[in-house]
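Each chain, written out:
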Amino acid sequence: MSQETRYDYIIVGGGSSACVVAARLVKDARARVLILERGPRKASPIMHFPAGYMKFLAKDTYLSMHHTAPQPQLNGRGPIVPQGKVLGGGSTVNAMVYMRGQAADYDRWNATITAPGSANDGAWSYRDLLPYFKAQEDNDHLAGEFHGVGGPLKISNLGHTSAMTRTYIKTLQDMGIPWNPDFNGAEQFGVGLMQHTIDWQTRRRCSAVDAFLAPVMDDPLLTIETEATVTRLVLEGGVVTGVNYRQGGADRTARAGVEVILAAGAYQTPKLLMLSGIGPEEELARHGIRTAVALPGVGRNLQDHYECPVVATTKGAFGYYGQDRGWPMIKAGLQYLLFKSGPVTTTGVETCAFYDPDGNNAEPTIQMFCVPTVYLDRDVMGTDPGDGVTINSLLLRPKARGVVTLSSADPSADPIVDTGIFNHPDDLRLTIAGFRFARSVLAATPLRDLIEREIFPGTDVTSDEAIGEHCKRTVKTGYHPVGTCKMGHDGDDMAVLTADLRVRGVRNLRVVDASIMPTIVSGNTNAAVLGAAAKAADLILKGAA
């Protein structure tokens, strides 16, 4: 028999957006809130160190490794796409980059949710979201128009940069890409150091748990259940009244007196909606699920950032190869513990550049990272890791769209993620152009003075066709899936959510995670999720008033 408990709000998922919303509901509404997170409550203490996340990148300890559908346009490849599985979600396991994207990204959201002929009310514009970003932020050295001081989220520059990073920055400036001291400021075009969600005083990760949830963690109004997998929404007469979930081998039910809030991410949120009979009728029928609410957009509109590499060896040790083992690791660990300095205070990826191969640098389309080591696996590259540099060109606003569908009606089964990578010809064209520019960086001074030779794909790969094949072979996720339950106006048949994030066709159900985005933002998505969740909390509180 299922055990039943009652709350005001139930939040499904314990990631970044859940932490923001739960904290506001407990603190400001004095509401009884339940968070249900399928992963563990805490990650390894190593994850608090800026460099610590690299120990878990290829493991499923705190990540769900989704095996995606084979892609014909990638010659049958189906790249693995991870998702955070721990309290704090991506903010607990990611590389901590704080990058909001471009102002135009949010203005595009606003245009998407505004019906043709209607007044543009600015509900989701950059102008509207900027105050939320600023209120959350406690920046180590930036303030003024674009930044906040004194907020709960600690944001700083890294405590250490490599010789390769500094050389990369100088090289790009010599190539005409200007120095940009603030990618979250007036414009994104340029090269510079990335800011991270790291406390500059302690040099520790500042996750969404640290920033938002910790202050209310001991409040009796907040209940957090981990290792708890939600199996279905309880839907009664068009009203969502609670959830069924499984924990410790037992089936349980939790009831929500006000709302259920989905924050399970761009893969799991649409899966849960479909398991509950909310989604495309044909997809539900295929798995024998009765349609409660026909919403054709559930699971559609999947977007992510995708990147492709060029790799070179170097004439010496200018980066971090070998720093994670033996005496160098011990020495770096002692330096960090004693002085909060040294290689442990870096995430390993310290700089990037934003530009557009087509010349529209007011809205860059490529984010080009410098990784100061040979980064790819041997089975992909055919060469052992070593001293070197990997330059990854990441496509910021792909035009292709993917889809998330059910693999079965079994709640324990992963959904099918069909990425659609390179399904639009412009995506591959821009990726090839990004690759060519990255290769030209390796050949420019002063960086070329450090380079021994290009090893992957090799200098004999020169034609667009050959480079395209290299990109198809190596393209990987940027870990930023969004868009599978997008918000939109009433005339948009594929809109799953209203502008206030309510699920269409049912009552007392909202979505607050990355799946709400109509279009992906031009940068690492955690910052956007945090800012959007702050606005979502206001909308929820307003609706409850």
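For the structure given in this document, a descriptive report is provided here. (Residues numbered from 1 in each chain as written. Predicted model: local features only at pLDDT ≥ 70, side-chain atom pairs only at ≥ 80, totals over all residues. Heavy atoms only, no water.)

Brief notes about the overall build of the protein
Part 1 of the reasoning: Secondary structure assignment for the protein yields 13 helices and 24 strands.
Part 2 of the reasoning: At 23 Å, the protein has a C-alpha radius of gyration in line with the 24 Å of a compact globule built from 545 residues.
Part 3 of the reasoning: Looking at the protein residue by residue over its 545 residues, the buried ones come to 61%.
Part 4 of the reasoning: A fraction of 69% describes how many contacts in the protein between residues 6 or more apart in sequence connect residues 24 or more apart.
Part 5 of the reasoning: Counting every atom, the protein has about 20700 Å² of accessible surface; 52% of that belongs to carbon and sulfur.
Part 6 of the reasoning: Charged side chains in the protein number 53 positive and 57 negative. The centres of these two groups are separated by 4 Å. (Helix = DSSP H or I, 4+ residues; strand = E, 2+ residues; numbered from the N terminus. Rg over C-alpha atoms; globule rule 2.2 N^0.38 Å. Buried < 20%, exposed > 50% of the residue type's maximum accessible area, 1.4 Å probe, protein only. Contact = heavy atoms within 4.5 Å. Areas by Shrake-Rupley, 256 points an atom, 1.4 Å probe, with all protein chains shown as cover. Lys, Arg positive; Asp, Glu negative; His and termini not counted. Charge placed at Lys NZ, Arg CZ, Asp CG, Glu CD.)

What to know about a nonpolar patch on the surface
Part 1 of the reasoning: A surface patch of nonpolar side chains, about 690 Å² in accessible area, is lined by Trp327, Met329, Ile330, Leu334, Leu338 and Phe339.
Part 2 of the reasoning: Considering the arrangement of structural elements, one finds Phe339 in helix H9 (residues 326-339).
Part 3 of the reasoning: Take Phe339: its relative accessible area is 61%, and that puts it in the exposed class. (Patch = residues over 30% accessible without salt bridge, like charges linked within 9 Å, V, L, I, M, F, W, Y side chains within 5 Å. Salt bridge = Lys/Arg side-chain N within 4 Å of Asp/Glu carboxyl O.)

Quick word on the packing of aromatic side chains
Part 1 of the reasoning: If you walk through the whole model with that rule in mind, you get 8 aromatic pairs.
Part 2 of the reasoning: Seen from their ring centres, Tyr106 and Tyr126 are 6.1 Å apart, and the 35° between their planes marks the pair as tilted. You can see Tyr106 sitting in helix H3 (residues 103-113) and its partner Tyr126 sitting in helix H4 (residues 126-136), a full 20 residues away along the chain.
Part 3 of the reasoning: Plain terms: the ring middles of Trp109 and Trp124 are 6.1 Å apart, the flat faces sit at 55° to each other, and that makes the pair tilted. Within this pair, whereas Trp109 is found in helix H3, its partner Trp124 is found in the loop between H3 and H4, the two being separated by 15 residues in sequence.
Part 4 of the reasoning: Three or more aromatic residues joined by ring pairs form one cluster here, namely Tyr106, Trp109, Trp124, Tyr126 and Phe133.
Part 5 of the reasoning: The positively charged end of Arg325 is found above the aromatic ring belonging to Tyr321, 5.1 Å away from the centroid. (Phe/Tyr/Trp six-rings, centres within 6.5 Å; stacked < 30°, edge-to-face > 60°. Lys NZ or Arg CZ within 6 Å of the ring centre and 35° of its normal.)

A word on the environment of Arg252
Part 1 of the reasoning: Tracing the chain through its elements places Arg252 in strand S13 (residues 250-262).
Part 2 of the reasoning: A polar contact is formed between the side chain of Arg252 and the side chain of Gln247, at a distance of 3.3 Å. (Polar contact = N/O pair within 3.5 Å; in protein donor to acceptor, adjacent residues only side chain to side chain.)

Details of the environment of Ala186
Part 1 of the reasoning: Inspection of the secondary structure puts Ala186 in the loop between helix H5 (163-174) and strand S7 (190-193).
Part 2 of the reasoning: Residues Ala186 and Glu145, 41 residues apart in the sequence, show an inter-C-alpha distance of 9.0 Å.

Overview of the nonpolar core
For soluble globular proteins, the rule of thumb is that nonpolar side chains tend to be buried together.
Part 1 of the reasoning: The biggest cluster of nonpolar side chains holds 94 residues, and the ones touching the most others in it are Ile10, Trp124, Leu213, Leu233, Val243, Val260 and Leu509.
Part 2 of the reasoning: By residue number, the principal contributor to this core is helix H13 (residues 526-544), which donates 12 residues.
Part 3 of the reasoning: Core analysis: the second largest hydrophobic core is formed by 37 residues, Ile169, Val191, Ile421 and Phe435 among them. (Core = buried A, V, L, I, M, F, W, Y, C linked by side-chain atoms within 4.5 Å.)

Concerning the packing of H3 against H4
Part 1 of the reasoning: Two elements in contact, H3 and H4, have axes separated by 8 Å at closest approach and are oriented at 120°. On the basis of their axis angle, the class for H3 and H4 is oblique. Contacts from Ala103, Tyr106, Asp107 and Trp109 in H3 reach Tyr126, Leu129 and Phe133 in H4.
Part 2 of the reasoning: Partitioned by chemical class, the residues of the contact of H3 with H4 number 6 nonpolar, no polar and 1 charged. (Axes fitted to C-alpha atoms, helices over the stretch in contact; angles between N-to-C directions. Parallel < 35°, antiparallel > 145°, perpendicular 65-115°, else oblique. Nonpolar A, V, L, I, M, F, W, Y, C, P; charged D, E, K, R; others polar.)

A few points about the environment of Asp538
Part 1 of the reasoning: One can find Asp538 in helix H13.
Part 2 of the reasoning: On the accessibility criterion, Asp538 (29% relative accessible area) is partly exposed.
Part 3 of the reasoning: Taking C-alpha positions, Asp538 is 9.3 Å from Leu25, a pair spaced 513 residues apart along the chain.
Part 4 of the reasoning: When sequence neighbours within four positions are dropped, the list of residues in contact with Asp538 reads Arg24 and Tyr132.

Concerning unusual backbone geometry
Part 1 of the reasoning: Along the chain, Thr445 connects to Pro446 via a cis peptide bond; the corresponding omega equals 0°.
Part 2 of the reasoning: Of note, the amide linkage connecting Phe456 to Pro457 takes the cis form, showing an omega dihedral of 10°.
Part 3 of the reasoning: In this model, Lys340 sits at a positive phi of 55°, which is unusual for a non-glycine residue.
Part 4 of the reasoning: Summarising the element assignment, Lys340 is placed in the loop between H9 and strand S17 (351-355).
Part 5 of the reasoning: Of note, the phi angle at Tyr479 is positive, near 70°, even though the residue is not glycine.
Part 6 of the reasoning: Following the sequence through the fold, Tyr479 ends up in the loop between strand S23 (476-477) and strand S24 (509-511).

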